[in-house]
Amino acid sequence: MVTSFPARPPRAARTLAILLLVLAGLLGTALITPPARAASLVQVGSFGSNPGNLAMYAYRPDGLPGGRPLVVLLHGCTQNASGYFADSGWRKYADQWGFALVLPQTSSANNSSSCFNWFQTGDTTRGQGEAASIRAMVAYAVANYGTDPSRVYVSGLSAGGAMSAVMLATYPDVFAAGSIAAGLAYRCASSLTEASGCQYGPTSRTPQQWGDLVRNAYPGYAGPYPRVAVWQGQSDYTVVPANGAQLRDQWTNVRGVSQTPTSTRSLTGGTTLKVYGGDDVRLYEISGMGHGLPVDPGGAADQCGATAAYFLDTICSAYHDALFFGLDGGAQPSPTATPSPSPSPSPTATPTGTCVRASNYAHTTAGRAYQSGGYTYAKGSNDAMGLWNTFTTHALRQTGPDYWVLADGQC
């Protein structure tokens, strides 16, 4: 019996069938869309002039178009860019509202504790040292990421907060606003010895003197100065609360508004927000908080960050700063708060009321001031007045009920 097999197809037909199978495979592969590469923090190898010997890290959300804002984030001592990026909460809002982040990083080669050198004149002068390196990073981001040069902001913690003050003072033409957490006033110190004095005790300067330090950082500058938010834990023993008041004095004076708040609000985490002028300056005072950046882990709109060393669970500072900077585009609800307008005079009004010059001891016994840890503070404003003794004298002016401000040279 002869077994018959199907006739063998011609060579051309077999070749065509193979080609069709290969093509189908290729089309199938093309139709499978590969997952988008998630944005991540990346180091920029070369960003221009770097006299401060800093490293640059940057984060751009996927698909970020040109013309978007830029926020510069400055870590604290013993920290680095990646840790600050991971824990501060800023990434959430960069993704949500669409803006870029630049994170400068210093090292133990610059400072034994990896602190920004906020107290060294060679690093805190316009066009020099670390300040110039950070400025170069901003220029790189504007040129290469297409970020909006009119919407550049800076925020930092501790030594990074003090360095934020440096950038705001030395480059007011670059930064529209800034945030300083557990930081210090610009030029509070110009040496390591002076730095310790500023951290652990108040420095006796008037608001005018504090403001002059900023104005002298860029002589001849006639443009607007940045708006500033200040965050200060009231149980911070590393950068004592007097520093928050000094920053308030410095930047209200620079902005030309009163040191008396125009409104006061209670926020979450034991936080009291005092607003000065037309939202020119904000002072967030957090009851019971020590030294660190305020964060508030969670999934709510106003929650962010992760708790770690120097990242303290109280309130999401990144959320409030992003709103202060205007990065939300006005789309987000206001934070939960209980408004309580202060009965203080208009910020542009000339302070009126009783003016008294006396020793720090006499001020405290009369109830115009109080002492804490051997130092004296004006009641209400918390203006730093120096050592609590009978030799140090100051003038205080009453600007509201039980509210006194330092008035040396004014009465």
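Keep in mind the model is a prediction, meaning the values are calculated, not measured.

Reading guide: rules and limits
- Residues numbered from 1 in each chain as written.
- Predicted model: local features only at pLDDT ≥ 70, side-chain atom pairs only at ≥ 80, totals over all residues.
- Heavy atoms only, no water.
- 1 Å grid on protein atoms, 1.4 Å probe; cavity = no way out; pocket = protein on both sides within 12 Å on 5 of 7 lines; lining within 4 Å.
- Points joined across faces, edges and corners; volume = space filled by probe spheres on them.
- Helix = DSSP H or I, 4+ residues; strand = E, 2+ residues; numbered from the N terminus.
- Nonpolar A, V, L, I, M, F, W, Y, C, P; charged D, E, K, R; others polar.
- Core = buried A, V, L, I, M, F, W, Y, C linked by side-chain atoms within 4.5 Å.
- Buried < 20%, exposed > 50% of the residue type's maximum accessible area, 1.4 Å probe, protein only.
- Pairing = 2+ DSSP bridges.
- Axes fitted to C-alpha atoms, helices over the stretch in contact; angles between N-to-C directions.
- Parallel < 35°, antiparallel > 145°, perpendicular 65-115°, else oblique.
- Left-handed = near helix turned anticlockwise from the far one by under 90°.
- Contact = heavy atoms within 4.5 Å.

**Some remarks on empty space enclosed by the protein**
Logical step 1: With the rule as written, the count across this model stands at one cavity of 30 Å³ or more.
Logical step 2: Estimated volume of the largest cavity: approximately 30 Å³.
Logical step 3: Taken together, Tyr 84, Trp 90, Ser 155, Ser 179, Ala 181, Trp 231, Leu 293, Ser 317, Ala 318 and Asp 321 make up the full set of residues lining the largest cavity.
Logical step 4: At the level of secondary structure, the elements contributing two or more residues to the lining of the largest cavity comprise strand 6 (177–181) and helix 9 (317–325).
Logical step 5: Take the lining of the largest cavity: its biggest share by element is three residues, from helix 9.
Logical step 6: For the lining of the largest cavity, the class distribution of residues is six nonpolar, three polar and one charged.

**So, the nonpolar core**
Logical step 1: In this structure, Val 72, Val 102, Trp 118, Met 163, Phe 175 and Trp 251 are the most contacted members of the largest nonpolar core, which totals 58 residues.
Logical step 2: With 41 residues, the next largest nonpolar core counts Trp 90, Ala 94, Leu 103 and Ile 315 among its residues.

**What about the sheet that holds strand 19 (residues 403–406)?**
Logical step 1: The three strands are arranged 14-18-19 in an open sheet whose pairing can be described as antiparallel. Pairing within the sheet leaves two strands with one partner each, and these edge strands are strand 14 (355–359) and strand 19. Along the sheet, successive strands turn relative to each other by an average axial angle of 40°, direction set aside.
Logical step 2: Strand direction decides the pairing type here: strand 18 (residues 393–400) and strand 19, joined by four bridges, are antiparallel. Across the sheet, residue Arg 397 finds its bridge partner in strand 19, namely Val 405.

**Section: the packing of helix 3 (residues 90–97) against helix 9**
Axis angle and axis distance: for two packed helices, these are the angle between their axes and the distance between the axes, and together they describe the pair.
Logical step 1: Contact geometry of helix 3 with helix 9 gives a least axis separation of 9 Å together with a crossing angle of 45°. In this view, helix 3 runs oblique relative to helix 9, as classed from their interaxial angle. The handedness of the crossing between helix 3 and helix 9 is right-handed. Contacts between helix 3 and helix 9 involve Trp 90, Tyr 93 and Trp 97 on the former and, on the latter, Ala 318, Tyr 319, Asp 321, Ala 322, Leu 323 and Phe 325.
Logical step 2: Each residue belonging to the contact of helix 3 with helix 9 can be placed in one class, and the counts come to eight nonpolar, no polar and one charged.

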